[in-house]
Amino acid sequence: MNGDAAQLRKAQNPTRRVFSEEMLAYGTEDPHFIVMEADIGYSTFSYLFGDAFPQRYFNVGIAELGMFATAAGIASTGRTVVCGSYGVFITMRAIEAIRSFICYPNLPVKILSSHGGITAAIDGVTHQATEDIANMATIPNMTVLAPCDSASAAAAFRLAMQTPGPVFTRLMRDPLYEVHSGAASFAVGGSVCVRSGADVTILSYGDIVIQAIRAAEQLAGERIEAEVIDLYSIKPLDRRAVIDSVRKTGACVVAENHQRRNGLGYEVASILLQEAPVPFAALGLDDTFAESGAYDLLLDKYGLSADHIAENARRVVHHKNR
Amino acid sequence: MSRERDAVLRRVTTTAREIRLRVLDMVYTVQSGHIGGSFSEAEILAALYNHILNIRPDDPKWDKRDRFVLSKGHACPALYAALALRGYYDASHLNTLRRFGSILQGHPVIKTPGIDMTSGSLGMGFPIAVGMAIESHLIGKSNFAVYTLLGDGEINEGLVWEAAQTANKYRLGNIVAIVDRNYVQNDGFSDEIMPIEPIDKKFEAFGWRVWKIDGHNVEEVIDALEAARDYGDGPACIVAYTVKGKGVSFMENDRYWHGKAPNREQYEQAKAELEGAAP
Ligand SMILES: Cc1ncc(C[n+]2csc(CCOP(=O)(O)OP(=O)(O)O)c2C)c(N)n1
């Protein structure tokens, strides 16, 4: 689809809520899994499941590290556990439990991680998960998903449940845009081309996909046709889609709400250096902490708005044509 | 009671009232921030900043100053108000809370005048305070005192108890930990989310001397802070029994007001109630 970004509807609910609503629905389909929470159930919306299935809901208080180690114990018996909290606390405080006792034994723990990137904008740095993808994707056996809208967030829950072993899903605090049409289908290791074009490939995930689409529209006005791909499955990554698109366009921009270092941009760069070296730019936090402030202002300051993406796309296209 | 004492009580009482009014204004203006836990700690912060702490607001980085760490960092609106009222920065900053470019970040950061340490990730502020106390007591021997304020939900974190052990091992006579026992955390009543009692006996078992007080009774707050400061033989803990949302009838004891901002009507009603409270 080469849709018009202005036509894309703002989602009614944030992806954290959509994911939890899907979990609630799945609760009746699968009576076996349980859910754990660390006192932010009203923020992750895991309370929806807790209200419906109180016997299968364990709120362990403000104790993220302990929660994941406890989840490992439950999951060691073969039972699937969904654990919810905020991205920073999950991927930093609890990382050793996740790495050594969930990923290493390859246990079925499905992680609901809210407030990814700088979407916890006004809360400031202690609540902004800007290294979460790097931390999680680096651990063997971990699957990492980052949906960008309601359809992909609901699908992410189901994919997590259907995929063996640990799965991390990065969700967002604020409502995003309904990027995907009803026809889109999702798979672990899949991707969705949300706009096709021959001049430059823009790769993204989560909340930045809408910025990429807006950038592509700006560029279309200048006769630069950008291809925009939603790489919601960060690990495993749809290498084929990336390589095929970049071989076609000959230029690539990656934009993500995350540190540049060790994010999707670094991953794609290492693939392209081997398979299809082209003019390339990776956008993200440039080895810096962010700050408190309105989300849009932060996106602009840290170089993740549509304008910044378009500017970098122009640059790589220019470089390619030289 | 001496006239001097009387003046202290009055100053702390008025400041606590003023802190609540400022917090209400801030959170209403920016439509974001944590009211419930700010209201429960108002008397404690007022007493610390207007009587207990050995500080120089015109020299915020003075190296011999007493340190304060708001371990329950989300309740920083009250701290920001207390610092402005004490003269660390102009009160006009208050309504920029959480905004782009503000010196008042969503959670405390060390670069704000008067803030001794970054906090906001629960459980971390307490071991940080213990670290400061070790430096002061055993290493640099500058002998400043360290105060830290924790939430009753926050003490769910195992890290809190690791720090409690450390403070006991080194018999830190210069640290005072205050637990804001307001009975409510994010998801509901603390004792339902995670039974944490007996808080006093737990700290005692960890080697701490414990005081239990009504955290809204200014006299008790001051007496306990002075006693804990002067104790000196080891780590001191004050369990302050408080009310989350204290001062506004419809906010009290309700998890909803942990992190929600009032609408206009709620703001007006809350303001009227706070203004009506005897100064
Ligand atoms: C490590 C960590 N986990 C979760 C949170 C999210 N959070 C912010 S406030 C809060 C509840 C705090 O309750 P309590 O300690 O009782 O504070 P108070 O009631 O005094 O506001 C939670 C879970 C956090 N800030 N840090």
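Residues numbered from 1 in each chain as written. Chains lettered and ligands numbered in written order. Predicted model: local features only at pLDDT ≥ 70, side-chain atom pairs only at ≥ 80, totals over all residues. Heavy atoms only, no water.

**Brief notes about the overall build of chain A**
Of the regular secondary structure elements, chain A holds 13 helices and 12 strands. Expressed as lengths along the three principal axes of its C-alpha atoms, the size of chain A is roughly 65 × 40 × 40 Å. Taking all 322 residues of chain A together, the buried fraction comes to 64%. Accessible surface, chain A as shown: approximately 11800 Å² in total, 51% of it carbon and sulfur. With 27 positive and 35 negative side-chain charges, chain A shows a separation of 4 Å between the mean positions of the two kinds. (Helix = DSSP H or I, 4+ residues; strand = E, 2+ residues; numbered from the N terminus. Buried < 20%, exposed > 50% of the residue type's maximum accessible area, 1.4 Å probe, protein only. Areas by Shrake-Rupley, 256 points an atom, 1.4 Å probe, with all protein chains shown as cover. Lys, Arg positive; Asp, Glu negative; His and termini not counted. Charge placed at Lys NZ, Arg CZ, Asp CG, Glu CD.)

**Quick notes on the interface of chain B and chain A**
Of the residues lining the interface, 25 residues belong to chain B; the matching set on chain A comes to 23 residues. When chain B packs against chain A, the two sides together hide about 2000 Å² of surface, and 51% of this comes from carbon and sulfur. By the criterion of area lost to chain A, the three top residues of chain B are Arg98(B), Phe100(B) and Asp187(B), representing 32% of everything that side buries. The partner of Asp123(A) in a salt bridge is Arg98(B), with the nearest N and O atoms 2.8 Å apart. Linking chain B with chain A are 18 residue pairs in polar contact (both at pLDDT 80 or more). Counted by class, the side of chain B that touches chain A contains 6 nonpolar, 13 polar and 6 charged residues. (Contact = heavy atoms within 4.5 Å. Buried area = accessible area lost by both parts, 1.4 Å probe. Salt bridge = Lys/Arg side-chain N within 4 Å of Asp/Glu carboxyl O. Polar contact = N/O pair within 3.5 Å; in protein donor to acceptor, adjacent residues only side chain to side chain. Nonpolar A, V, L, I, M, F, W, Y, C, P; charged D, E, K, R; others polar.)

**Some thoughts on the site of the ligand**
Every one of the 24 residues lining the ligand counts as a neighbour, but Glu64(A), Lys72(B), His74(B), Val184(B) and Lys244(B) are closest to it. Residues lining the ligand come from chains A and B. The separation between an oxygen atom of the ligand and a polar side-chain atom of Asp152(B) is 2.8 Å. Gly153(B) places a polar main-chain atom, nitrogen or oxygen, 2.9 Å from an oxygen atom of the ligand. The protein chains hide 99% of the 600 Å² of surface that the ligand would expose on its own. In the shell around the ligand, the residues fall into 5 nonpolar, 11 polar and 8 charged. (Near = heavy atom within 4 Å.)

**Digging into a nonpolar patch on the surface**
A cluster of nonpolar side chains, Leu138(B), Ile139(B) and Tyr170(B), forms an exposed patch at the surface whose accessible area comes to about 280 Å². Among the secondary structure elements, Ile139(B) is positioned in helix α5 (residues 125–139). (Patch = residues over 30% accessible without salt bridge, like charges linked within 9 Å, V, L, I, M, F, W, Y side chains within 5 Å.)

**Concerning a negative patch on the surface**
Taken together, the side chains of Asp296(A), Asp300(A), Asp307(A) and Glu311(A) make up a negatively charged region of the molecular surface. Of all the secondary structure elements, the ones that give two or more residues to the negative patch are α12 (295–301) and α13 (306–321) of chain A.

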